[in-house]
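Each chain, written out:
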Amino acid sequence: MDSLYFAQLLMYIVFMVAIVAYATLDGFDLGVGCLHLFTKTDQERRIMINSIGPVWDGNSTWIVIGGGVLFAAFPKAFSILAPNLYTPFMLMLFGFMLRAASIEFRSKNPSPTWRSFWDISFFSASLILATTVGILLGNLIHGMPLDSKGVIEGGFLSLLTPYTLTIALLGISCFMMHGSIYVLMKTEGPFHDKIRRWCHITIILFLILWLLASVLTFTLQPHMIRPFILFPPLVIVPLLSLASILAIPYFIRKKQDGYAFLSSCLSIFFLLSLFLVGTFPNLVRSTLDPAASLTFMNSSVSELALWILTGVSLTGAPLSFFYFPYIYRVFKGKVVLDKMSY
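Residues numbered from 1 in each chain as written. Predicted model: local features only at pLDDT ≥ 70, side-chain atom pairs only at ≥ 80, totals over all residues. Heavy atoms only, no water.

A. Looking closely at the side chain of Asp-257. For Asp-257, the position within the fold is in helix 11 (residues 257-279). Other than its neighbours up to four places away in sequence, Asp-257 contacts Ile-181, Leu-184, Met-185, His-192, Arg-196 and Ile-252. (Helix = DSSP H or I, 4+ residues; strand = E, 2+ residues; numbered from the N terminus. Contact = heavy atoms within 4.5 Å.)

B. View of the nonpolar core. Judged by nonpolar contacts, the single largest core of 86 residues is most densely connected at Met-48, Ile-52, Phe-74, Ile-181 and Ile-195. The leading source of residues in this core is helix 1 (residues 3-35), at 17 residues. Ignoring any residue separated from it by four or fewer positions in sequence, one finds Ile-181 in contact with Cys-199, Ile-248, Ile-252, Asp-257, Ala-260, Phe-261 and Ser-264. (Core = buried A, V, L, I, M, F, W, Y, C linked by side-chain atoms within 4.5 Å. Buried < 20%, exposed > 50% of the residue type's maximum accessible area, 1.4 Å probe, protein only.)

C. Summary view of the packing of aromatic side chains. This model, assessed by the stated rule, comprises 21 aromatic pairs. Residues Trp-62 and Phe-324 carry aromatic rings whose centres are separated by 5.5 Å and whose planes lie at 35° to one another, so their mutual orientation is tilted. Taken together, the residues span a long stretch of sequence, with Trp-62 in helix 3 (residues 56-73) and Phe-324 in helix 12 (residues 303-330) at a distance of 262 residues. Both residues of the pair, Trp-62 and Phe-324, belong to the buried class. Joined through ring pairs, the aromatic side chains of Tyr-5, Tyr-12, Phe-280 and Phe-296 make up one cluster. (Phe/Tyr/Trp six-rings, centres within 6.5 Å; stacked < 30°, edge-to-face > 60°.)

D. Region of the structure containing helix 7 (residues 162-186). For helix 7, with 25 residues, the first-to-last C-alpha span of 36 Å sits near the 36 Å given by 1.5 Å per residue. Counting buried residues in helix 7 gives 21 out of 25 residues, a clear majority hidden from the surface. (Expected span 1.5 Å × (residues − 1).)

E. Structural detail: helix 2 (residues 42-52). Taking burial as the measure, the 11 residues of helix 2 include 9 buried ones, the bulk of the element. Among the residues of helix 2, those classed as buried are Glu-44, Arg-45, Arg-46, Ile-47, Met-48, Ile-49, Asn-50, Ser-51 and Ile-52. Buried residues in helix 2 make contact with helix 1, helix 3, helix 5 (86-105), helix 6 (112-142), helix 7 and helix 8 (189-220).

So, in structure tokens, the structure goes:
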């Protein structure tokens, strides 16, 4: 392994770590938002928002890190993806802004109409983000109709296929399950019991869509299976993925909510690990011309720039690993509403 490839691989790993961290951490924020309108009272909705209140903004920074790495380390891929995926990228940006405004503005006025408007906005923003992330992931698995000129034929509508929409639904159900388990850990009393019932429903929905997506991937996306055939030891990844998914309903039935949440985190990690193994080394696989595919090798900056970016990453990473455990430890425990709450 030469030094250039090693530097490219390091930055590719940093990029993937940022994506996994975003899906795992902001995933339960999005799940809480997608469940938000199923609550009935203002107090329940405040509890939902305040369960993620101290952490949602920090969780969102991982997508910024991922986008920054893509821009700085793999500019060719960024320059092709940004204009071709302009609509989903703008939808995500709109979702982020609307969600932030909804959380911050909702409790500024006691008017029911005011709060209902921001409740709907919070739900809509979360659903937009979850759906867009799922569609993008589905297209990265399937591949995109990218020609030799770096243009996606058919535009945004070509990205909306039955397979990619199935992956989007899987992502929404996964985030809803993840969010319901998180709220379960943060609540008590009658609302806690209501959330537990939601957990069972979201887990069933996730399992159904997971089975459907697995069958479709196995039958329609043979390139995702090929690495496991060529290198059998990699089978440990889907086995661990299966174990983590099955552990979720087990721990929920045992009312061991912390372990259920950990299992939910691991299920997202291993599902995205399957994505990583199946798509490696592609950033974007072209379904029209394999030579037009974008890999972390043919899309990177110079070796010197990669090593500088590696140094920057190694400087910033310890701060993140310190900040996130600290903030979650400070705000652990059940949600208690007071005059300072959202």
